[in-house]
Amino acid sequence: MIRAGIIGSTGYAGAEIVRLLLGHKEAEIKWYGSRSYIDKKYSSIYQNMFRLVEDVCRDDNMEELAREVDVIFTATPQGLCASLVNEEILSKVRIIDLSADFRIKDPAVYEAWYKIHHPTPEFLPEAVYGLCEINREKIRGARLVANPGCYTTCSILSAYPLIKEGLIDGNTLIVDAKSGTSGAGRGAKVDNLFCEVNESIKAYGVTTHRHTPEIEEQLSYAAGKPVTISFTPHLVPMNRGILVTAYASLVRETTEEELRAVYEKYYGKEKFIRLLDPDVCPQTRWVEGSNFVDLNIKLDRRTNRVILMGALDNLVKGAAGQAVQNMNLMFGIPEDTGLQMAPVFP
């Protein structure tokens, strides 16, 4: 049995890890960490866990936690995991970090986009970017996994096959992405109040969103050369979901059938990526509550561009589900263990 501890268990992503691990036959939660709710019963914070979780919340003492568990999930704001991790801890326990602390290899880029100092850049070279469908073998042996974000997971997976095969010009890639409000976390913010988001949609972080360098870095690895994209996120009035619609110019004449064959080559055997039938557009409602990513493409012959479409649940495949998928790989158990739930509808 895998013994798991969660730092940040009372945020939305942390609570989703709790929900998933409660149904995981190979894992048990030993530590519910929450700096804001120390000594409070977990089920008093999340009433849906009444009679399911009897534990109280503990602090974020990673050194003590490392002696009690096999894996630590850090579902915390940027900077916290990097400030806590050290070689002694990594020699005892494996860490899956849901923040951006170890996603970007160049600390200067991280500091420029996140506006905070990186305290432990010495661990950046060994940290594995935890996008399971692309880095599966590296994840298996990792001590430290940087769990990707929701926008980045959907954006990268949507474009990766065509970038990897050199069929699109990565520098023409425009990513239009939309997120449910849970993606902004559980903290109280005026912009996320019901009256502020209901019956409205808005762009934000235009040209400055912090997921931009993460997407560019991973697509640059795929292309074998630097890739610069345009990324614009939007907030929509729903609880969960990411929808990506991206556009890129083709580098040569091709057919939609050839493009679809490329996606089949990369994703045809993947458990959690569903390539939809021709002309079926991904919708967030068909992935909600699940670890699936629904993808599709459409060739626009008139403009010589391809439209890339993807949908996922930002709290599952975009956060907690991907973290559990990474844990499964790291501990050598079937990748879909604890993640076989069907999407919830309505």
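- Looking at an unreviewed UniProt entry, the protein carries the name N-acetyl-gamma-glutamyl-phosphate reductase, with the source organism given as Candidatus Scatomonas pullistercoris.
- According to its UniProt record, the protein has this under Sequence similarities (unreviewed entry): "Belongs to the NAGSA dehydrogenase family. Type 1 subfamily."
- Quoted straight from UniProt, the Function (unreviewed entry) entry for the protein says "Catalyzes the NADPH-dependent reduction of N-acetyl-5-glutamyl phosphate to yield N-acetyl-L-glutamate 5-semialdehyde."

### Focus on the overall build of the protein
Consideration 1: Secondary structure assignment for the protein yields 12 helices and 13 strands.
Consideration 2: For 346 residues, the compact-globule estimate of 2.2 N^0.38 gives 20 Å, and the protein sits close to it at 20 Å.
Consideration 3: The principal-axis extent of the C-alpha atoms belonging to the protein is close to 60 × 45 × 40 Å.
Consideration 4: Counting over 346 residues, the protein shows a buried share of 55%.
Consideration 5: Accessible area for the protein stands at about 15100 Å²; split by element, carbon and sulfur atoms hold 51% of it.
Consideration 6: Positive and negative side-chain charges of the protein, numbering 39 and 45 respectively, have mean locations separated by a distance of 2 Å.

### Side note on the pattern of salt bridges
Consideration 1: Taken as a whole, this structure holds 23 salt bridges when the rule is applied.
Consideration 2: Of the charged contacts, one joins R143 and E126 as a salt bridge, the two residues approaching to 2.6 Å between their closest N and O atoms. With R143 in the loop between helix 7 (132-140) and strand 6 (144-146) and E126 in the loop between helix 6 (107-114) and strand 5 (128-129), this residue pair connects regions lying 17 residues apart in the sequence.
Consideration 3: One salt bridge connects E258 with R252, and the closest N-O pair in it is separated by 2.5 Å.
Consideration 4: Taking the relative accessible area as the measure of exposure, R252 reaches 39% and is therefore partly exposed.
Consideration 5: Several salt bridges share partner residues, and in doing so they unite E16, R19, R240 and D313 into one network.

### Some remarks on the packing of helix 7 against helix 12 (residues 316-330)
Consideration 1: The N-to-C vectors of helix 7 and helix 12 enclose an angle of 40°; their axes lie 9 Å apart at closest approach. Every pair of crossing elements has a handedness; the one defined by helix 7 and helix 12 is right-handed. Along its contact with helix 7, which presents C132, E133, R136, I139 and R140, the element helix 12 presents K317, Q322, Q325, N326, L329 and M330.
Consideration 2: Considered class by class, the residues forming the contact of helix 7 with helix 12 number four nonpolar, three polar and four charged.

### Description of the UniProt feature "active site" (unreviewed entry) in the protein
Consideration 1: Here, UniProt's "active site" (unreviewed entry) annotation points to C150.
Consideration 2: Take C150: it is sitting in helix 8 (residues 150-164).

### Description of the packing of helix 1 (residues 12-22) against helix 12
Consideration 1: At a closest axis distance of 9 Å, the pairing of helix 1 and helix 12 adopts a crossing angle of 50°. With respect to helix 12, the axis of helix 1 lies oblique. Here the hand of the crossing between helix 1 and helix 12 comes out right-handed. Taken together, the residues of helix 12 that come into contact with helix 1 (itself represented by A13, E16, I17, R19, L20 and L21) are V316, A319, A320, G321, V324 and M327.

### Section: the sheet that holds strand 4 (residues 94-97)
Consideration 1: Pairing within the open sheet is parallel, and its six strands lie in the order 2-1-3-4-6-5. Strands at the two margins of the open sheet, each flanked by one partner only, are strand 2 (27-33) and strand 5.
Consideration 2: Strand direction decides the pairing type here: strand 1 (residues 2-7) and strand 2, joined by six bridges, are parallel. Looking across to strand 2, one finds that I6 is bridged to Y32.

### Concerning the packing of aromatic side chains
The geometry of two aromatic rings is summed up by the distance between their centres and the angle between their planes.
Consideration 1: A complete count under the given rule lists eight aromatic pairs for this structure.
Consideration 2: An aromatic cluster is defined as three or more aromatic residues linked by ring pairs; in this entry it consists of Y32, Y42 and Y46.
Consideration 3: Stacked on the ring of Y46, the Lys or Arg R186 has its end atom at 4.6 Å from the ring centre.
Consideration 4: The positively charged end of R274 is found above the aromatic ring belonging to F292, 4.3 Å away from the centroid.

### Remarks on the sheet that holds strand 9 (residues 230-235)
Consideration 1: Pairing is mixed in the open sheet, where seven strands are placed in the order 8-9-7-10-13-12-11. Two strands bound the open sheet, and with one partner strand each, they are strand 8 (202-203) and strand 11 (273-275).
Consideration 2: Judged from the six bridges that link them, strand 7 (residues 174-179) and strand 10 (residues 242-249) form a sheet pairing that is antiparallel. In the strand pairing of strand 10, V175 is matched with A246.

### Digging into the pairing of strand 12 (residues 293-300)
Consideration 1: Extensive coverage of strand 12 is indicated by the burial of six of its eight residues.
Consideration 2: Direction of pairing for strand 11 relative to strand 12: parallel, over a ladder of three bridges. Note on strand 12: the bridge partner recorded for R274 is D294.
Consideration 3: One ladder, built from eight bridges, connects strand 12 with strand 13 (residues 305-312); its direction is antiparallel.

Rules of the game
Residues numbered from 1 in each chain as written. Predicted model: local features only at pLDDT ≥ 70, side-chain atom pairs only at ≥ 80, totals over all residues. Heavy atoms only, no water. UniProt positions renumbered as here; feature names shortened; annotations may be inferred. Helix = DSSP H or I, 4+ residues; strand = E, 2+ residues; numbered from the N terminus. Rg over C-alpha atoms; globule rule 2.2 N^0.38 Å. Buried < 20%, exposed > 50% of the residue type's maximum accessible area, 1.4 Å probe, protein only. Areas by Shrake-Rupley, 256 points an atom, 1.4 Å probe, with all protein chains shown as cover. Lys, Arg positive; Asp, Glu negative; His and termini not counted. Charge placed at Lys NZ, Arg CZ, Asp CG, Glu CD. Salt bridge = Lys/Arg side-chain N within 4 Å of Asp/Glu carboxyl O. Axes fitted to C-alpha atoms, helices over the stretch in contact; angles between N-to-C directions. Left-handed = near helix turned anticlockwise from the far one by under 90°. Contact = heavy atoms within 4.5 Å. Nonpolar A, V, L, I, M, F, W, Y, C, P; charged D, E, K, R; others polar. Parallel < 35°, antiparallel > 145°, perpendicular 65-115°, else oblique. Pairing = 2+ DSSP bridges. Phe/Tyr/Trp six-rings, centres within 6.5 Å; stacked < 30°, edge-to-face > 60°. Lys NZ or Arg CZ within 6 Å of the ring centre and 35° of its normal.

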